[in-house]
Amino acid sequence: MDQQQGSRGGRLAEALADVPDGCRLVLGVCAAVFAVTTLTGDVPVICPGSVVFDPWTYAYMLVVPSFVHLGALHILFNMMALLSVGVAIEKRFGTLCFVGIVMVFAVLGNAVYVLAYWAWAVVGGDATMLMSCAAGFSGVLFGMIVLESMLGNTSGSRSVFGLVAVPSWAYPWVSMVAIQLLMPGVSFVGHLSGAFIGLLYSCGVLNWLTLKRSWIRSFDASSVGQKICRRPSYVACPETSPLPPGAPEWFASAGLAVVSRLRAAGNHCRSLFRIRRAAPHWTTGVGHRLGGVHPAYELVGRADIEAGTAAKPPVHPPT
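Within every chain, residues take consecutive numbers counted from 1 along the sequence as written. Whole-chain, interface and lining totals are the exception, using all residues; otherwise, since this is a predicted model, local features are given only for residues with pLDDT of at least 70 and side-chain atom pairs are given and counted only at 80 or more. Hydrogens and waters are ignored; side-chain quantities use all the structure's heavy atoms.

Participant: Sorry if this is basic, but what is going on with the overall build of the protein here?
Facilitator: Looking only at helices and strands, one finds 12 helices and six strands in the protein. Here's how the labels work: a residue is buried when its accessible area is under 20% of the maximum for its type, exposed when over 50%, partly exposed in between, all with a 1.4 Å probe on protein chains only. Here the protein holds 319 residues, and 38% of them are scored as buried. Here, two residues are considered to be in contact whenever any of their heavy atoms come within 4.5 Å of each other. Once local pairs closer than 6 in sequence are excluded, the contacts in the protein between residues at least 24 apart make up 71%. Helix and strand definitions here come from DSSP, where helices need a minimum of 4 consecutive H or I residues and strands a minimum of 2 consecutive E residues; each element is numbered from the N-terminal end.

Shown next as structure tokens:
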């Protein structure tokens, strides 16, 4: 029995020996957060309505929910994916840059998630969209998958679950749709938000958020950095970034056009609607608490408000 346990421990140590420090850090953080949330029952998730209407109180939702998982299978699948795509990204960018990529993808991916549901609520007139809560590392993972696909051999092909071969550039998007069909309960908007940030990052649009090479050299030269750099699992950042020097011209022009149209649409929507609080707070209780207390909201037509005929339907927590 002791020999079997020793052999299992040896295989685990051998498997982790090839995992760089950045991926180990993410694995440790996700495991620790999962243990705490399982023991306490408090599961901090990202809820768009909370961030939109009280951003200072719920600013943590732009970071923490990315490392929260809602079940054993949830964290297992995400960490297995991390050991695949995350290790490849870290070996190409380096440990420090990998940690920076994780934080950028987490914060911006969650921000896009919030903005997407806010726009959906305003344009579609459905305020329940602001209560679409989610959690998990999969948004960051899809950003990494897009980054790996865009910087790799885009003319090649990759297999989706061993069933069908697709072009490398299409692999993240086909995988996203396939996962949604197989598991309809996952957050498609969350995955899409992460993939969108990965696309921007791979095109060089977010170069201003990458770690400067001068900062990395200063850290490596420090006493703490020298101790970390001597670790065999530490990956030094390359002298030149694998990213393109900046956004391509077509991407910049398309981005300006999209921003212009979004600004016009936003001005039009603001003239038609006004979002206001409909109830002070509500608390969910479906098996576990989804982040505690959250505001509930309704979308009211401005003309109805001014006329005093705005309907006030009862607000219920989502089931």
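Participant: Quick question: what am I supposed to make of the nonpolar core here?
Facilitator: General note: in soluble globular proteins, nonpolar side chains tend to be found buried as a group. We call a set of buried Ala, Val, Leu, Ile, Met, Phe, Trp, Tyr and Cys residues a nonpolar core when their side-chain atoms join them within 4.5 Å. With 43 residues, the main nonpolar core has L82, F105, F137, M144 and L147 as its most contacted residues. Those elements giving two or more residues to this core turn out to be α2 (21-40), α4 (72-93), α5 (95-124), α6 (138-151), α7 (171-182) and α8 (188-202). Of the residues forming this core, the biggest block, eight residues, is contributed by α6. Beyond its immediate stretch of four places on either side in the chain, F137 contacts V26, S66, F67, H69, N78, M79, L82, V102 and M144.

Participant: Quick question: what am I supposed to make of the packing of α2 against α4 here?
Facilitator: When two helices pack together, their arrangement is captured by the angle between the axes and the distance separating the axes. Note on geometry: axes are lines fitted to C-alpha atoms, helical ones only across the stretch in contact, with angles between N-to-C directions running from 0 to 180 degrees. Where α2 meets α4, the closest approach of the two axes is 9 Å, and the angle between their N-to-C directions is 165°. Comparing the axis directions of α2 and α4 gives the class roughly antiparallel. Two packed elements cross with a definite hand, and for α2 against α4 that hand is right-handed. The residues of α4 that touch α2, namely those facing D21, G22, C23, V26, L27, C30, A31 and F34, are A72, I75, M79, L82, L83, G86, V87 and E90. Amino acid classes used here: Ala, Val, Leu, Ile, Met, Phe, Trp, Tyr, Cys and Pro are nonpolar; Asp, Glu, Lys and Arg are charged; the rest, including Gly, are polar. Residue composition of the contact of α2 with α4, by class: 12 nonpolar, two polar and two charged. Working rule for angles: under 35 degrees goes down as roughly parallel, over 145 as roughly antiparallel, 65 to 115 as roughly perpendicular, anything else as oblique. A clockwise turn of the near helix away from the far one marks a right-handed crossing, whereas an anticlockwise turn of less than a right angle marks a left-handed crossing.

Participant: Would you take a moment to explain the state of the cysteines for this structure?
Facilitator: Defined simply, a disulfide is a covalent bond joining two cysteines at their sulfur atoms. By convention in this document, the label disulfide applies to cysteine sulfur atom pairs within 2.5 Å. The full count for this structure, using the stated rule, is one disulfide. Note that C47 is cross-linked by a disulfide to C133, the S-S spacing being 1.9 Å. Here the disulfide of C47 and C133 is right-handed, its torsion about the S-S bond being about 95°. Here C47 is found in the loop between β1 (42-43) and α3 (48-53), whereas its partner C133 is found in the loop between α5 and α6, with 86 residues between them in sequence. For C47, a relative accessible area of 2% translates into the label buried. Since its relative accessible area comes to 26%, C133 is described here as partly exposed.

Participant: I keep staring at the pairing of strand β2 (residues 157-160) and nothing clicks. Help me out?
Facilitator: Within a regular strand, the side chains alternate between the two sheet faces. Strands are labelled as partners when DSSP assigns at least two bridges between them. Across four bridges, β2 lies against strand β3 (residues 164-167) in antiparallel orientation. When the bridges of β3 are listed, R158 appears paired with V166. Remark: three residues form the turn of the hairpin made by β2 and β3, two consecutive strands paired antiparallel; F161 in that turn has positive phi of roughly 55°.

Participant: Looking at this structure, how should I read the layout of surface pockets?
Facilitator: Sizing a probe to match a water molecule and rolling it over the atoms shows the empty space that remains. With a 1 Å grid spanning the protein atoms alone, the term cavity applies to any set of points in which a 1.4 Å probe fits but cannot get out, the term pocket to an open set with protein on both sides within 12 Å along at least five of seven lines, and the term lining residue to any residue with an atom within 4 Å of a point. Grid points are joined across faces, edges and corners, and a volume is the space filled by probe spheres set on the points. When its volume is computed, the largest pocket comes out at roughly 1,200 Å³. Lining the largest pocket are 47 residues, and of these N78, S138, F142, I179 and H191 sit closest to its centre. Only α4, α5, α6, β2, α7 and α8 provide two or more residues apiece to the lining of the largest pocket. It is α4 that contributes the most residues to the lining of the largest pocket, nine residues altogether. Class assignment for the residues of the lining of the largest pocket results in 29 nonpolar, 16 polar and two charged.

Participant: Looking at this structure, I do not really get the pattern of salt bridges. What am I missing?
Facilitator: Any Lys or Arg side-chain nitrogen found within 4 Å of a carboxyl oxygen on Asp or Glu counts as a salt bridge. Applying the stated criterion across every chain, the model contains one salt bridge. The closest approach of N and O atoms between R231 and D21, which form a salt bridge, is 3.0 Å. With R231 in the loop between α10 (223-229) and α11 (249-272) and D21 in helix α2, this residue pair connects regions lying 210 residues apart in the sequence. Owing to a relative accessible area of 13%, D21 belongs among the buried residues under this scheme.

Participant: How do you make sense of the environment of V166 when you look at a structure like this?
Facilitator: Tracing the chain through its elements places V166 in strand β3. Residue class for V166 comes out buried when judged on its relative accessible area of 9%. In the structure, V166 is positioned 10 residues away from G156 in sequence and 8.6 Å away in space, judged by C-alpha atoms.

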